[in-house]
Amino acid sequence: MTEKETFMTRAIELSTANIENGGGPFGAIITKNGKIIATGVNLVTRTCDPTAHAEINAIRAAAAALGTFDLSGCEIYSSCEPCPMCMGAIYWAHLDKLYYAGTRTDAKEAGFDDSFIYDELALQPEHRRLKSENLLHTEALEAFRTWKEKSDKTEY
């Protein structure tokens, strides 16, 4: 078994064990230099937190372990193709590579259908099911002006 397969096997084991612990069937690990530095499982129902997906929990644990929000140099192994929220977090965390086992089609067939989110994101805001309204746009620009002018900011 290759190192990659060993890491993916661990993510899949976490997903299966998590079902027994009352969570969803998702697991993730983050590695750096060939070592596991963080793991995560789906804790949505156990914590009443809709953002507590395996990948998000693994990213939070890795960032805490490394003391940085920039996970460049790390790779993530997920038991399933990440949902749109997790995919966004993976990009924001600057992970070098994503490996996944199950697909979003597999997840959909198991009752975890994220396809409506992909469909909604492709629409202009005024055409989405979630009604939204742009308020105080000009006033909000002040924070961006201040940020752009700040000389000692930490970029991310």
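Look above for the structure.
Notes on the structure follow. All of these numbers come straight from a predicted model, not from anything done at the bench.

Phi angles above zero are rare outside glycine, and N33 is one such case at about 50 degrees. Mapped onto the secondary structure, N33 falls in the loop between β1 (27–32) and β2 (35–41). Note on N33: relative accessible area 69%, which makes it exposed. We note that H94 has phi near 65 degrees; this positive angle belongs to a residue other than glycine. Relative to the helices and strands, H94 is located in the loop between α4 (84–92) and β4 (97–102).

Within the structure shown, the criterion is met by 5 salt bridges. A salt bridge links R10 to E13, with the shortest nitrogen-to-oxygen separation between them at 3.9 Å. Highlighted residues: R10 and E13, both in helix α1 (residues 3–20), separated by 3 residues, approximately one helical turn. According to the relative accessible area criterion, R10 is partly exposed, its value standing at 33%. Assessed through its relative accessible area of 42%, E13 is described here as partly exposed. Linking E120 and R129 is a salt bridge whose minimum nitrogen-to-oxygen distance equals 3.6 Å. On the basis of relative accessible area, E120 is assigned to the buried category, the value being 15%.

Here the focus is α1. Taking 1.5 Å per residue as the helical rise, α1 with its 18 residues ought to reach 26 Å, and the 26 Å between its terminal C-alpha atoms agrees with that figure. Residues of α1 that are buried: F7, M8, A11, L14, S15 and N18. Buried residues along α1 cover an arc of 110 degrees about the axis, so they all sit on one side. For α1, the secondary structure elements touched by its buried residues are β1, β2, α2 (44–47), β3 (74–80) and β4. Immediately beyond the C-terminal end of α1, within one or two residues, lies G22, with a positive phi of roughly 90 degrees.

On the surface, a nonpolar cluster with roughly 550 Å² of combined accessible area is contributed by F69, W92, W147 and Y156. For W92, a relative accessible area of 61% corresponds to the exposed category.

Time to look at the packing of helix α3 (residues 54–66) against α4. Two numbers describe how α3 lies on α4: the axes approach to 9 Å, and their chain directions differ by 25 degrees. Taken as axis vectors, α3 and α4 run roughly parallel relative to one another. The hand of the α3/α4 crossing is left-handed. For the pair formed by α3 and α4, the contact residues are E55, I56 and I59 on the first element and M85, C86, A89 and I90 on the second. Looking at side-chain class alone, the contact of α3 with α4 contains 6 nonpolar, no polar and 1 charged residues.

Among the secondary structure elements, I117 is positioned in helix α6 (residues 115–121). The class for I117 is partly exposed, based on a relative accessible area of 29%. Spatially, the C-alpha atom of I117 lies 8.8 Å from that of C83, the residues being 34 residues apart in sequence.

Locating E81 in the fold gives a position in the loop between β3 and α4. A polar side-chain atom of E81 sits 2.9 Å from the main-chain amide nitrogen of R104. In contact with E81, other than residues within four places in its own chain, are Y100, G102, T103 and R104.

Reading the values: rules and limits
As a convention, each chain's residues are numbered from 1 in the sequence order in which they are written. Given that this is a predicted model, residues contribute local features only at a pLDDT of at least 70 and side-chain atom pairs are listed and counted only at 80 or more, while totals for whole chains, interfaces and linings are drawn from all residues. Hydrogen atoms and water are omitted, and side-chain values are computed over all heavy atoms in the structure. Secondary structure is summarised from DSSP: a helix means a run of H or I of at least four residues, a strand means a run of E of at least two, and numbering begins at the N terminus for each. Only protein chains enter the accessibility calculation, which uses a 1.4 Å probe. A residue is then buried if its area is under 20% of the maximum for its type, exposed if over 50%, and partly exposed in between. Counted as salt bridges are all cases of a side-chain nitrogen of Lys or Arg within 4 Å of a carboxyl oxygen of Asp or Glu. Working rule for helices: expected span equals 1.5 Å times residues minus one. Comment: arc refers to directions from the helix axis out to C-beta atoms. Residue contacts are counted whenever heavy atoms from the two residues lie within 4.5 Å of one another. Patch members must show over 30% relative accessible area and no salt bridge, and they are joined within 9 Å when carrying like charges or within 5 Å when they are nonpolar side chains of Val, Leu, Ile, Met, Phe, Trp or Tyr. For accessible areas, the Shrake-Rupley method is used with a probe of radius 1.4 Å. Any residue's cover is judged against the shown protein chains and nothing else. All axes are obtained by fitting lines to C-alpha atoms, using only the stretch in contact for helices, and the reported angles, taken between N-to-C directions, cover 0 to 180 degrees. When an angle is under 35 degrees it counts as roughly parallel; over 145 it counts as roughly antiparallel; between 65 and 115 it counts as roughly perpendicular; any other value is oblique. In this scheme the crossing of two helices becomes right-handed for a clockwise turn of the near helix relative to the far one and left-handed for an anticlockwise turn of less than a right angle. Each residue is assigned to one of three groups, with Ala, Val, Leu, Ile, Met, Phe, Trp, Tyr, Cys and Pro labelled nonpolar, Asp, Glu, Lys and Arg labelled charged, and all others, Gly among them, labelled polar. Side-chain atoms alone can form a polar contact between residues adjacent in sequence; in general such a contact is a pair of N or O atoms within 3.5 Å, and within protein one must be able to donate a hydrogen while the other accepts it.

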